[in-house]
Amino acid sequence: MSLYGSLLSSDQFQCSICLDIFTNPSSTPCGHSFCVSCINQYWDGAKVCQCPLCKKTFQKRPDLQINRTLREITEQFRSMSGGGAGGGTSPREKSRVKGRECAMPNALLDELTKKLPRPHGGVTGASEEQGGKPIPGASLVTAFIASSVPDQSPIFEATAGGGAQTNVVFSESSGRRRFTVSGAASSHNLPLCDVHRRGIMIYCRTDGECICPNCETEAHFDHDTVSVEAAWAEKQAQLKESEQHTQNSIQERLLKIEEIQSSRSQLELAANQTTAGSVSMMSALTAAIERAQADLTHVVEANRVVAVNQADAMVQQLELEVQELRVRESTLAQLYTSDDHIDGIKNFATVSTPPPGRDWSAVSLNCDLGIGAICRSLASEVEKFQEQLRGITEMGFTPSSLETSLVRAQPRIKKVQEYAVDITLDCNTAHPRLLLSDDMKSVRCGDRHQLFPDNAERFDRVVCVLGREAISSGRHYWEVHVGGKTDWDLGVAKQSINRKGKIEVTPSNGYWFLSLRDKNKYACRTEPSTDVHLSLRPNKIGIFVDFEGGQVSFYNVEAKLHIYTFNDNFTECILPFLSPCTNRVRNNDGPLVITPVNTSE
């Protein structure tokens, strides 16, 4: 103990703040130790907490605890030195006591190594650095270190042999983590530390550095360290997570690009529809106003002419009657002033009786110009225009407000394509004029009836065919190539529908489908039928069925646009429905083809 104590100095146990031996020492995160009261007083009132020695700044004031191990070592030093300072030594001979770690001074370790007996007797005369020779009895060094500090278990053990094998063992004494490094550590397969020229085999998680065992002992004694292999395994796992995260980010961005491009296409289509719709609607209103203006001018002018002619006629008649009354007035005045009483009496009856004339008291000129009907008609047009404006305000501007509202309510085609199913045709249901392909994927209308048995499932008047796969639950999607056909029907129908004679194809009768007539007239067979305005002619139609949701939706596959959706309540199985229609004008002989769903487009 005296030998070990003589190698220690009071500088190693001195607080740099109070310049006295540690009292209840505490270590900062940077590794320097101070009296716990001194460092707390040093930090009290300071805006930023810094280490008094290395000036390292801490973002948050560290929660310091008393370093019990250093306190015990300090108390042992007090007792060994009699409460005073120990003798000074050279820097190479000083023993460093950091936190909970106590390392033997290098000078003492070298001295003990030289004096250790060889297995056959004698004393080693050279260290590992001097000759790279084995150090027999090196475990005695560890035993000596353990005996130098009472009641303390060994901090580390080192065994070296020929410079080819290195074992480093850290104990669990006083709760300290144990770490072991074993295996080859020659300079041929391990990089060497620039300071200690030892193999770098440890990774400090606290500082993020690869270090050698000496670095850990001197500068990283209280840090979280693992082997380089273990650290690299952790980094590889993190790299794998980062790679997966990057791949997910790429996929998200590719999907976002697709979504934005689809939105751009829809925006361009909506812009064209809005322009065409606005021109049509405004032109209709302008035409109605111009028509009303022309009618108004014509009616007003006609009524004015009639009223003027009527007024002229009445004035002319009144003027004639005035002339007649003035003649009678003159006659009465002459008779009144006559002195011939007998002549006056004779002519009195003739002159006093008023001549027949018209009662003008109830007569007036008709000033009605006849514009009421025109104004009412124009008001109706304006009211219709205002109703359209209200619809545009609520649902957007497209030629069909119904189409717009359904486009917003329905999922995108990429989403419904996830429910693709394999659909085939049921030849037992096909009308006798229909020609089916061998794989039951294509149907077209022939010129004459074929000799098929008239079974209960077969249509005998409507030129159509049903699918073989019944839909009773879940979601299903398939696509049909319509090409350049001028007429066709596509959709679904109840399994129990009437298949004989004339059929009313409406939802109430179990039919939900989209129709094309005369090459460009699209309609959904609702009650009454709903016209569907499509600016882009579809080449392939997608049909989506949500049985529980009660929906049958139609999509333009190439344009990725929603067309129409039926909303109903399905109470029994439904089947795919196809009708290529007849070839009346010799330009509708193409087939309807059920095609595979390509989700990669």
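Residues numbered from 1 in each chain as written. Predicted model: local features only at pLDDT ≥ 70, side-chain atom pairs only at ≥ 80, totals over all residues. Heavy atoms only, no water.

Draft legend 1. Inspection of the overall build of the protein chain at higher detail. Along its length, the protein chain carries 12 helices and 25 strands. Looking at the 601 residues of the protein chain, the share that counts as buried comes to 36%. Just so you have it, the protein chain exposes about 35,000 Å², and 53% of that area is on carbon and sulfur atoms. (Helix = DSSP H or I, 4+ residues; strand = E, 2+ residues; numbered from the N terminus. Buried < 20%, exposed > 50% of the residue type's maximum accessible area, 1.4 Å probe, protein only. Areas by Shrake-Rupley, 256 points an atom, 1.4 Å probe, with all protein chains shown as cover.)

Draft legend 2. Quick peek at the sheet that holds strand 24 (residues 574–579). The antiparallel open sheet is built from 6 strands, whose spatial order is 15-24-17-18-19-20. Looking at the sheet topology across the chains shown, the edges are occupied by strand 15 (465–466) and strand 20 (530–532). Judged from the 2 bridges that link them, strand 15 and strand 24 form a sheet pairing that is antiparallel. Counterpart to L466 in the pairing with strand 24 is F577. (Pairing = 2+ DSSP bridges.)

Draft legend 3. Up close: the confidence of the model for the protein chain. In the predicted model, the protein chain carries a mean pLDDT of 77, and the fraction of residues at 70 or more is 78%. Counting interchain partners and residues more than four positions distant, the pLDDT-below-50 stretch residues 84–188 has 186 contacts. Within the model, pLDDT remains below 50 along residues 399–409, and this stretch shows 21 contacts once partners closer than five positions in the same chain are excluded. (pLDDT = per-residue confidence, 0-100. Contact = heavy atoms within 4.5 Å.)

Draft legend 4. Molecular detail of the sheet that holds strand 13 (residues 434–436). Read from one edge to the other, the open sheet built from 7 strands follows the order 13-14-25-16-21-22-23, with strand pairing classed as antiparallel. The outermost strands of the open sheet, each flanked by one partner alone, are strand 13 and strand 23 (561–567). Geometrically, the sheet is characterised by an average inter-axis angle of 20° between neighbouring strands, direction not taken into account. Inspection of the sheet shows strand 16 (residues 475–481) paired to strand 25 (residues 592–595) by 3 bridges, in the antiparallel sense. Within strand 25, the residue paired with H481 across the bridge is V593. (Axes fitted to C-alpha atoms, helices over the stretch in contact; angles between N-to-C directions.)

Draft legend 5. Main features of the side chain of T506. As for its position among the elements, T506 is in the loop between strand 17 (488–494) and strand 18 (511–517). In terms of polar contacts, T506 uses its side chain to reach the side chain of S508, at 3.1 Å. Residue contacts for T506: discarding those within four places in its chain leaves Y511, R525 and E527. (Polar contact = N/O pair within 3.5 Å; in protein donor to acceptor, adjacent residues only side chain to side chain.)

Draft legend 6. Representation of the packing of helix 8 (residues 228–336) against helix 9 (residues 341–352) within the structure. Two elements in contact, helix 8 and helix 9, have axes separated by 10 Å at closest approach and are oriented at 160°. Relative to helix 9, helix 8 is oriented roughly antiparallel. Viewed along their axes, helix 8 and helix 9 form a crossing whose handedness is left-handed. Seen from helix 8, the contacting residues are R328, T331, L332 and L335; seen from helix 9, they are D343, G344, N347, F348, V351 and S352. Looking at side-chain class alone, the contact of helix 8 with helix 9 contains 4 nonpolar, 4 polar and 2 charged residues. (Parallel < 35°, antiparallel > 145°, perpendicular 65-115°, else oblique. Left-handed = near helix turned anticlockwise from the far one by under 90°. Nonpolar A, V, L, I, M, F, W, Y, C, P; charged D, E, K, R; others polar.)

Draft legend 7. Examining the nonpolar core more closely. Counting residues in each nonpolar core, the largest one holds 36 residues, and the members touching the most others are W488, V552 and L578. Sequence-distant contacts of V552, that is, excluding residues within four places in its chain, are made with V492, W512, I543, F544, V545, Y564, T565, F566 and F570. Grouped together as the second largest cluster of nonpolar side chains are 16 residues, C15, C49, C51 and I73 included. (Core = buried A, V, L, I, M, F, W, Y, C linked by side-chain atoms within 4.5 Å.)

Draft legend 8. Representation of a nonpolar patch on the surface in the model. Judged by side-chain polarity, I250, L254 and I257 come together as a nonpolar surface patch covering roughly 270 Å² of accessible area. Position of I250 relative to the elements: it lies in helix 8. (Patch = residues over 30% accessible without salt bridge, like charges linked within 9 Å, V, L, I, M, F, W, Y side chains within 5 Å. Salt bridge = Lys/Arg side-chain N within 4 Å of Asp/Glu carboxyl O.)

Draft legend 9. Spatial organisation of helix 9. Taking 1.5 Å per residue, 12 residues should reach 16 Å; helix 9 reaches 15 Å between its end C-alpha atoms and fits that length. Two or three places before I342, at the opening of helix 9, D340 has a side-chain oxygen 3.3 Å from that residue's backbone nitrogen. (Expected span 1.5 Å × (residues − 1).)

Draft legend 10. View of the packing of aromatic side chains. Applying the stated rule across the entire model yields 11 aromatic pairs. Ring centres 5.1 Å apart and planes at 85° place the aromatic pair W512 and F570 in the edge-to-face group. A residue pair is termed long-range when its members are at least 10 positions apart, and W512 in strand 18 and F570 in the loop between strand 23 and strand 24 qualify at 58 residues. Aromatic rings pair up to connect Y511, F513 and F577 into one cluster. (Phe/Tyr/Trp six-rings, centres within 6.5 Å; stacked < 30°, edge-to-face > 60°.)

Draft legend 11. The arrangement of the environment of H476 in detail. Following the sequence through the fold, H476 ends up in strand 16. Relative accessible area serves as the criterion here: at 17%, H476 is assigned to the buried category. When the C-alpha positions of H476 and V416 are compared, they lie 8.1 Å apart, and in sequence the two are 60 residues distant. In contact with H476, not counting residues within four places along its chain, are Y419, V421, I471, I543, F544 and V545. In terms of polar contacts, H476 uses its side chain to reach the backbone carbonyl oxygen of S473, at 2.7 Å.

Draft legend 12. Structural context of the state of the cysteines. For the structure on display, the rule yields 0 disulfides. You can see C38 has no disulfide; the closest cysteine sulfur is in C18, sitting 3.8 Å from it. Residue C38 is classed as buried on the basis of its relative accessible area of 13%. With no disulfide of its own, C581 lies closest to C445 among cysteine sulfurs, the gap being 8.5 Å. (Disulfide = S-S within 2.5 Å.)

Draft legend 13. A look at unusual backbone geometry. Cis geometry marks the peptide bond from E527 to P528; its omega dihedral reads -5°. With respect to the helices and strands, the residue P528 is situated in the loop between strand 19 (521–524) and strand 20. For D518, which is not glycine, the phi dihedral falls at a positive 55°. Examined against the element boundaries, D518 turns out to sit in the loop between strand 18 and strand 19.

Draft legend 14. Representation of the pairing of strand 22 (residues 551–556) within the structure. The element strand 22 is largely enclosed, with a buried count of 6 among its 6 residues. Side chains Q551, S553 and Y555 project from strand 22 onto one buried face, and the interleaved V552, F554 and N556 project onto a second face that is buried too. Following strand 21 (residues 540–546), the chain reverses through 4 residues before pairing antiparallel with strand 22; G550 in that reversal takes a positive phi of roughly 65°. For strand 22 and strand 23, the ladder comprises 6 bridges, and the chain directions are antiparallel. Paired with F554 across the two strands is Y564, which belongs to strand 23.

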